[in-house]
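Below are the chains, spelled out letter by letter.
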Amino acid sequence: MIEMDGLTAVILAAGEAKRMRSRQPKVLHPLCGRPLIGYALRAARVVADRLVMVVGPNAEGLRAAAGEAVTFVEQRERLGTGHAVLQARPACGPGTVLVLAGDMPLLSSETLERLVNHHKATGAAATVLTAVVERPQGYGRILRQGGRVKRIVEDRDATDDQKKLAEINTSVYCFDAKRLWKALAEIRPDNEQGEYYLTDAIGILARAGGRIEALAAPDPVEALGINDRGQLAAAAAILRRRILDRLMAEGVTVLDPASAYVEDTVTIGPDTTVYPHVLIEGATTIGRDCVIASGCQISASRLGDRVKLKPYCILTEATVEDEAQLGPFCHLRPKAHIGSRARIGNFVEVKNSRIGRGSKANHLAYIGDATVGEDVNIGAGAITCNYDGAAKHETKIGDRAFIGTNTSLVAPLTVGDGAYIGSGSVITKDVPPGALAVERSQQIVKEGWVARRAAKSRDKDEDD
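Residues numbered from 1 in each chain as written. Predicted model: local features only at pLDDT ≥ 70, side-chain atom pairs only at ≥ 80, totals over all residues. Heavy atoms only, no water.

### What to know about the layout of surface pockets
Within this model, the largest pocket holds a volume of roughly 1500 Å³. Together, 43 residues line the largest pocket, and Arg19, Lys26, Thr81, Asp103 and Asn227 are the ones closest to its centre. Secondary-structure elements contributing two or more residues to the lining of the largest pocket are β1 (7–13), α3 (81–87), β6 (96–101) and β10 (167–176). With four residues, the top contributor of residues to the lining of the largest pocket is β10. Tallied by class, residues from the lining of the largest pocket come to 17 nonpolar, 16 polar and ten charged. By volume, the second largest pocket is sized at about 310 Å³. (1 Å grid on protein atoms, 1.4 Å probe; cavity = no way out; pocket = protein on both sides within 12 Å on 5 of 7 lines; lining within 4 Å. Points joined across faces, edges and corners; volume = space filled by probe spheres on them. Helix = DSSP H or I, 4+ residues; strand = E, 2+ residues; numbered from the N terminus. Nonpolar A, V, L, I, M, F, W, Y, C, P; charged D, E, K, R; others polar.)

Spelled out as structure tokens, the structure:
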């Protein structure tokens, strides 16, 4: 583990997202369940005892996304990365300053640990995290002399020969704080952009006799920064595979990793099987020995152990307890709570309701704003009429009640324990425990009606 003494992480997050073509700050764009900035924060928290974030004006959303224990400094004028880091000086402590970009979601905390440890072990004035890539276009190049790093040249300022170099700057650095602030004071905007480049600090420190170290990232994809939506999609593909690899290593069976979409915020227990074309997102927790069949979409929900979702179930902010079975084609809306061993079947919709242990709603039902007891049977086509046009009302159904097919329960309403509701009833009054409630018009049978109707039709045709 890294010693935390005097280590400040400065995260640069003041970009304007011009190439994203978005009104939203670049680092707030979502990636596998988290905003981009969330990945930089997570990696930095492992190695730093102080977090400082440089933001632009109107960064309220970014401040909210970053959470607590972050000091924010504002870069009012965007004059380059060197200028951005200089704004952070009052918030930084002595010792080591780690600088990283807020748009590098694939950078791991392990790589940051190696970088900081190497920097401290060598006593360097600065240590640069580099990577060797096949297509270095757009990245700053590492210029060496006698094997030692002498400076970094930005792609737009590089000569043709320099652009052929494959070792790039990842925009991640460790600096000795005292030497950093002195070097930043000497930077001049003598470049095509007219900006104060942080990379120029490397050359200034080297010319002053400071030791400049470089550490190569173990995987070049860690250097991937996000500047447009194409790069965002590319990073998402890599990250999704990392997520699935981690889950499979933890004992989850993913039948087709190429088609499963699981976000970074999801937790799944061992021996659960995820079928193809599944989407699991948000703060979702799935227990052990579950089955998530094809086409299911689960968002911000909690599933217990041994839950079975048949194909094409949709769950949003729902809770499903142990050994329940759902689907196919059921819809759990927010605040749906399905008890253990309950069954929710074809084209059943549940919203803001609790379904008790062992209860069943197997076909074509709507249950909204209801409390359903244990071992209740809800027949096909049954609905709770919870909305009167102005307000929502609650339906209460007791244990072991039987709700017949095509029943309408007009809330507010209570059906007692063990009560029966006859099929086709519209129930508007409370039903006592153990009672039978039937509400339907009397059936009328007119024998021979069809023949008489046919005879009248023939007589009319002859008259015409």
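### Regarding the pattern of salt bridges
With the rule as written, the count across this model stands at 16 salt bridges. Among the ionic pairs, arginine 50 bridges to aspartate 49, the shortest N-O distance being 3.9 Å. For arginine 50, a relative accessible area of 27% corresponds to the partly exposed category. By relative accessible area, which is 38% here, aspartate 49 ends up partly exposed. The closest approach of N and O atoms between aspartate 155 and arginine 141, which form a salt bridge, is 2.8 Å. Of the two residues, aspartate 155 is situated in the loop between β9 (148–153) and α5 (160–163) and arginine 141 in strand β8 (residues 141–145); the sequence distance between them amounts to 14 residues. Taken as a pair, aspartate 155 and arginine 141 share a single burial class, namely buried. (Salt bridge = Lys/Arg side-chain N within 4 Å of Asp/Glu carboxyl O. Buried < 20%, exposed > 50% of the residue type's maximum accessible area, 1.4 Å probe, protein only.)

### Focus: the nonpolar core
As a rule of thumb, nonpolar side chains are buried together in soluble globular proteins. Met53, Leu98, Leu100, Leu309, Leu326, Leu332 and Ile344 are the most contacted members of the largest nonpolar core, which has 101 residues in total. Considering each element in turn, this core owes the most residues, eight residues, to helix α1 (residues 36–47). The residues touching leucine 98, leaving out its near neighbours within four places in the chain, are Leu7, Thr8, Ala9, Val10, Val47, Leu112, Leu115, Val172, Tyr173 and Cys174. By size, the runner-up hydrophobic cluster in this structure holds 32 residues, among which are Val10, Ala126, Tyr173 and Leu205. (Core = buried A, V, L, I, M, F, W, Y, C linked by side-chain atoms within 4.5 Å. Contact = heavy atoms within 4.5 Å.)

### Description of the pairing of strand β4 (residues 50–55)
Every other side chain in a regular strand lies on the same face of the sheet, so the side chains alternate between the two faces. The buried count for β4 comes to five of six residues, which makes it a mostly enclosed element. The pairing of β1 with β4 spans six bridges and is parallel. Counterpart to alanine 13 in the pairing with β4 is valine 55. In terms of strand pairing, β4 meets strand β5 (residues 71–74) through four bridges, oriented parallel. When the bridges of β5 are listed, valine 55 appears paired with glutamate 74. Each parallel crossover has a hand, and the one from β4 via helix α2 (residues 60–66) to β5 is right-handed. (Pairing = 2+ DSSP bridges. Right-handed = clockwise from strand over helix to strand, strands pointing away.)

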